[in-house]
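Letter by letter, the chains look like this.
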Amino acid sequence: MTSLTQPARVFFISLFVTCLVLLMSSCSKHAKKVKGNYIGTLSINDTVISNNANINIDEVENNVISISSNYFNTYFVEIDKNRYFNSITYYSVEDNETFEISNHGDFLLIHSQDGEEFIFTGNRN
């Protein structure tokens, strides 16, 4: 068995480091892509409360966001993304939460808190 020459070792080490850097830099940063202010219709227990409701989404970690509004307490949600051809949808990975944002900014939220069900449909402002 022959050992690698010095140039071959340098090449493989630099290839390894490059792959490692690319892998580390390609971590999912979904929260940054969905953060923002969303305006739309909010219903509480099937009663429309506002057609101009405001929901704010902030980045907490790479895949964790906080959702806040004047109508419910701020809470945290872990998200992931699906890709369908040229469409991307971000969604909640938690079973008790419905959260979907398309790459076009369309937003659907179904959230239960303190015995009330909040349904929000809107767009990024």
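Overview of the structure. These figures come from a predicted structure and were not determined experimentally.

## Observations concerning a nonpolar patch on the surface
Line of reasoning, step 1. Taken together, the side chains of Phe11, Phe12 and Leu15 make up a nonpolar region of the molecular surface, amounting to roughly 300 Å² of accessible area.
Line of reasoning, step 2. Among the structural elements, Leu15 can be located in helix H1 (residues 6-25).
Line of reasoning, step 3. Residue classification places Leu15 among the partly exposed residues on the basis of a relative accessible area of 39%.

## Section: the packing of aromatic side chains
Line of reasoning, step 1. Within this structure, the stated rule accounts for five aromatic pairs.
Line of reasoning, step 2. Summarising the aromatic geometry, the rings of Tyr38 and Phe107 are spaced 4.9 Å apart at their centres and angled 55° between planes, so their arrangement reads as tilted. In this pair, Tyr38 is assigned in strand S1 (residues 36-44) and Phe107 in strand S7 (residues 106-113), connecting sequence segments 69 residues apart. Exposure class is identical for Tyr38 and Phe107. Each is buried.
Line of reasoning, step 3. On the basis of an interplanar angle of 55° and a centroid distance of 5.9 Å, the ring pair of Phe72 and Tyr75 is categorised as tilted.
Line of reasoning, step 4. The class for Phe72 is buried, based on a relative accessible area of 5%.
Line of reasoning, step 5. Note on Tyr75: relative accessible area 10%, which makes it buried.
Line of reasoning, step 6. Taken together, Tyr38, Phe99, Phe107 and Phe120 form an aromatic cluster joined through their ring pairs.

## Focus: a negative patch on the surface
Line of reasoning, step 1. On the surface, Glu61, Glu78, Asp80, Glu94 and Asp95 cluster together into a negatively charged patch.
Line of reasoning, step 2. Here Glu61 lies in strand S2 (residues 47-61).

## Quick notes on the sheet that holds strand S6 (residues 98-102)
Line of reasoning, step 1. Here eight strands make up a closed barrel; going around it, the order is S1-S2-S3-S4-S5-S6-S7-S8 and the pairing antiparallel. Here the strands of the sheet are splayed against their neighbours by 30° on average, with no regard to which way each runs.
Line of reasoning, step 2. With six bridges joining them, strand S4 (residues 75-84) and strand S5 (residues 87-92) adopt antiparallel strand pairing. Each residue of the ladder has a partner; that of Asn82, found in S5, is Thr89.

## As for the pairing of strand S8 (residues 116-124)
Line of reasoning, step 1. Summarising the sheet, S1 and S8 pair through seven bridges and their orientation is antiparallel. Of the residues in S8, the one forming a bridge with Thr41 is Thr121.
Line of reasoning, step 2. Of the strand pairs in this sheet, S7 and S8 are connected by eight bridges, and their pairing is antiparallel. Across the sheet, residue Leu109 finds its bridge partner in S8, namely Phe120.

## Overview of the environment of Asn63
Line of reasoning, step 1. As for its placement among the helices and strands, Asn63 is situated in the loop between S2 and strand S3 (64-69).
Line of reasoning, step 2. Put simply, Asn63 and Lys81 are 18 residues apart on the chain and 9.6 Å apart in space, counted from C-alpha to C-alpha.

## Quick look at the nonpolar core
Line of reasoning, step 1. In terms of nonpolar packing, the biggest core is built from 22 residues, with Ile57, Ile65, Ile67, Phe99, Phe107 and Leu109 touching the most fellow members.
Line of reasoning, step 2. Setting aside residues no more than four positions away along its own chain, Phe99 makes contact with Ile57, Ile65, Ile67, Ile79, Tyr90, Tyr91, Ser92, Phe107, Leu108 and Leu109.

## Considering unusual backbone geometry
Line of reasoning, step 1. Phi is positive for Asn45, close to 50°, though the residue is something other than glycine.
Line of reasoning, step 2. Within the fold, Asn45 resides in the loop between S1 and S2.
Line of reasoning, step 3. With a relative accessible area of 37%, Asn45 lands in the partly exposed category.
Line of reasoning, step 4. For Asp114, which is not glycine, the phi dihedral falls at a positive 55°.

Here is what the cut-offs are and how they apply
- Residues numbered from 1 in each chain as written.
- Predicted model: local features only at pLDDT ≥ 70, side-chain atom pairs only at ≥ 80, totals over all residues.
- Heavy atoms only, no water.
- Patch = residues over 30% accessible without salt bridge, like charges linked within 9 Å, V, L, I, M, F, W, Y side chains within 5 Å.
- Areas by Shrake-Rupley, 256 points an atom, 1.4 Å probe, with all protein chains shown as cover.
- Salt bridge = Lys/Arg side-chain N within 4 Å of Asp/Glu carboxyl O.
- Helix = DSSP H or I, 4+ residues; strand = E, 2+ residues; numbered from the N terminus.
- Buried < 20%, exposed > 50% of the residue type's maximum accessible area, 1.4 Å probe, protein only.
- Phe/Tyr/Trp six-rings, centres within 6.5 Å; stacked < 30°, edge-to-face > 60°.
- Lys, Arg positive; Asp, Glu negative; His and termini not counted.
- Charge placed at Lys NZ, Arg CZ, Asp CG, Glu CD.
- Pairing = 2+ DSSP bridges.
- Axes fitted to C-alpha atoms, helices over the stretch in contact; angles between N-to-C directions.
- Core = buried A, V, L, I, M, F, W, Y, C linked by side-chain atoms within 4.5 Å.
- Contact = heavy atoms within 4.5 Å.

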